[in-house]
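# Close look at the chain arrangement
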Amino acid sequence: MKSLKIVGTGVSLPSRVLTNADLERMVDTSDRWITERTGIKERRIADEGVSTSDLCADALRSACDDAGLSPGDLDAIIVGTSTTDTLFPSTACWVQGKLGLHGPAAFDVSAGCSGFLYGLELAGALITSGSAQRVGVVGGEVMSKVVNWEDRSTCVLFGDGAGAAVVTAGVGGSGVLASNWGADGTLASILYQPAGGTKRPATHQTIDEHAHTVHMEGNTVFKHAVVAMSTAAISAMERAAITADDVDLFIPHQANMRIMEVARERVGVPREKMMVVLHKYGNMSAATIPVALHEARREGRVQDGSTLVLTAFGTGFTWGASVLRW
Ligand code: UT7
């Protein structure tokens, strides 16, 4: 077991709400289609001047408050995001600047919706190796700025937000009991942002083609997500020597209620033990798991000794799962 403990959590969610009814006025869709196919009712949208680092800095500040620490106590900041402020430097560096810090290591993890769990895995490695004692792990996205608002097959899915956790060395029986992570880059083009990087730099043509927005083969993502999220969770649970009966709370990446339900059934956890915030926030990519974890704590669903299974899947493809003893 990695003796690792989450000592504080925080979130930042834009106040502007975009409902399914609002979307009905923007594209050819309906509340009924979105609700039945995804489970999403509304999502949050960042104001024009707000970038991913703004939400991540707010969330991390709140997580530090929750932990009774100051951001200056952190040795490293890891940000999981696909919607970076800039291609360089990292969003984590922008976050660090906004927190007024000089010195702690700061870097991004580009693992799509699995970004927070990749960050947690890295935080564990930094802490167990002695490289860091306190690490801020953040998942944050402003998806609304990389969505094609004329494409009904993607624009209804995503939302903006950030969630953060402060991770330290654990004591006693708490910590990460086991984890599992992986990737399959042969499937990279199934879900990606085609232009803006070195593969296809920005031109007038890329802008005309909406090539700076999310391109996704939804059905393919769906099939892989179900298998990868459940397989990663089951593998981590086996390594942790726990069964579905031992799980107090299952927190899957919140992409689509149908994906979450099938993954939950495959893992064998009852419906009432699955944390759901998808209906309120949509798919916030790397932010969904830390936001769901924070809300679960606020609702009293996480107690000392609780066993949590977190599992995610995202662009790359990437996947990850962690079994936590709180
Ligand atoms: O975080 C990881 C990233 N992404 C995901 O996890 C997304 C994974 N995929 C999904 O969640 C689902 O594949 C979607 C929600 C994206 C789509 O659901 P689906 O059940 O796979 O629908 P579909 O793509 O097979 O489309 C069914 C129909 C199509 O019409 P026809 O061809 O049957 O006439 C679409 O054109 O639904 C139509 N459609 C819509 N209709 C109303 C697609 N989007 C919409 C929409 N409103 N927003």
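These remarks concern the structure in this document. (Residues numbered from 1 in each chain as written. Predicted model: local features only at pLDDT ≥ 70, side-chain atom pairs only at ≥ 80, totals over all residues. Heavy atoms only, no water.)

This part covers the overall build of the protein chain. In terms of regular secondary structure, the protein chain is built from 11 helices and 13 strands. A compact globule built from 326 residues should have a C-alpha radius of gyration of about 20 Å, and the protein chain, at 18 Å, falls within 12% of that. The principal-axis extents of the C-alpha atoms in the protein chain amount to approximately 55 × 45 × 35 Å. For the protein chain, buried positions account for 55% of its 326 residues. Pairs at least 24 residues apart make up 75% of the contacts formed inside the protein chain by residues separated by at least 6 positions. Treating the 28 positive side-chain charges of the protein chain as one cloud and the 35 negative ones as another, the clouds have centres 3 Å apart. (Helix = DSSP H or I, 4+ residues; strand = E, 2+ residues; numbered from the N terminus. Rg over C-alpha atoms; globule rule 2.2 N^0.38 Å. Buried < 20%, exposed > 50% of the residue type's maximum accessible area, 1.4 Å probe, protein only. Contact = heavy atoms within 4.5 Å. Lys, Arg positive; Asp, Glu negative; His and termini not counted. Charge placed at Lys NZ, Arg CZ, Asp CG, Glu CD.)

Across the interface, helix α8 (residues 218-239) lies against helix α9 (residues 257-267) with an axial gap of 9 Å and an inter-helix angle of 35°. Crossing of α8 against α9: the hand is right-handed. Facing α8, whose interface residues are F222, A225, V226, V227, M229, S230, A233, I234 and M237, α9 presents R258, I259, V262, A263, R266 and V267. Taken together, the residues of the contact of α8 with α9 sort by class into 12 nonpolar, one polar and two charged. (Axes fitted to C-alpha atoms, helices over the stretch in contact; angles between N-to-C directions. Left-handed = near helix turned anticlockwise from the far one by under 90°. Nonpolar A, V, L, I, M, F, W, Y, C, P; charged D, E, K, R; others polar.)

Let us now look at the pairing of strand β5 (residues 105-109). Inspection of the sheet shows strand β4 (residues 76-80) paired to β5 by five bridges, in the parallel sense. Pairing of I78 across the sheet is with F107, part of β5. (Pairing = 2+ DSSP bridges.)

On to unusual backbone geometry. What is expected of a backbone is that most residues other than glycine have negative phi and most peptide bonds are trans. Note that the residue after F88, namely P89, is joined by a cis bond; omega there is 0°. As for its placement among the helices and strands, P89 is situated in the loop between β4 and α4 (91-98). Here G316 and F317 are connected by a cis peptide whose omega angle stands at -10°. For H210, which is not glycine, the phi dihedral falls at a positive 55°. Here H210 shows up in the loop between α7 (204-208) and β10 (215-216). Of note, A241 is a non-glycine position whose phi angle comes to about 60°, a positive value. Relative to the helices and strands, A241 resides in the loop between α8 and β11 (249-252).

Right, let's talk about the packing of helix α3 (residues 52-67) against α4 for a bit. Two elements in contact, α3 and α4, have axes whose closest approach is 9 Å; the angle formed by their N-to-C orientations is 60°. Classified by the interaxial angle, the pair formed by α3 and α4 is oblique. Crossing angle aside, the handedness with which α3 passes α4 is right-handed. Residue-level inspection shows T52, S53, D54, C56, A57, L60 and R61 of α3 in contact with α4, the latter providing T91, W94, V95 and K98. Split by residue class, the contact of α3 with α4 holds five nonpolar, three polar and three charged. (Parallel < 35°, antiparallel > 145°, perpendicular 65-115°, else oblique.)

Attention now goes to the sheet that holds β11. In spatial order, the strands read β8-β13-β12-β11; together these four strands make up an open sheet with mixed pairing. The sheet terminates laterally at β8 (175-183) and β11, the two strands that pair on one side only. Direction aside, the axes of adjacent strands within the sheet are offset by 10° on average. Across the sheet, helix α11 (residues 288-298) is in contact with β11 and β12 (307-314); its angle to β11 comes to roughly 150°.

Here the focus is the sheet that holds strand β6 (residues 134-142). Strand order in the open sheet formed by five strands is β1-β7-β6-β4-β5, and the pairing between neighbours is mixed. Edge positions in the sheet fall to β1 (4-12) and β5, since each has one partner strand and no second. Sheet twist, expressed as the mean angle between neighbouring strand axes with direction ignored, is 20°. As defined by bridge partners, β1 adjoins strand β7 (residues 160-169) across eight bridges and the pair is classed as antiparallel. Within the sheet, the bridge partner assigned to T9 lies in β7 and is A165.

This part is about the pattern of salt bridges. Throughout the structure, instances matching the rule amount to 14 salt bridges. Between D66 and R297 there is a salt bridge, with the nearest N and O atoms lying 2.7 Å from each other. With a gap of 231 residues between them, D66 in helix α3 and R297 in helix α11 connect regions that are remote in the sequence. Residue D66 is classed as partly exposed on the basis of its relative accessible area of 29%. With a relative accessible area of 21%, R297 lands in the partly exposed category. R271 is the partner of E261 in a salt bridge, and the nearest nitrogen-oxygen pair spans 3.1 Å. Of this pair, E261 sits in helix α9 while R271 sits in the loop between α9 and α10 (278-281), and the two are 10 residues apart along the sequence. The class of E261 is buried, set by a relative accessible area of 12%. Exposure remark for R271: the relative accessible area of 54% places this residue in the exposed category. The network of salt bridges with common partners includes E261, R264, E265 and R271. (Salt bridge = Lys/Arg side-chain N within 4 Å of Asp/Glu carboxyl O.)

Read these as layout, nothing more, since geometry by itself doesn't imply function.
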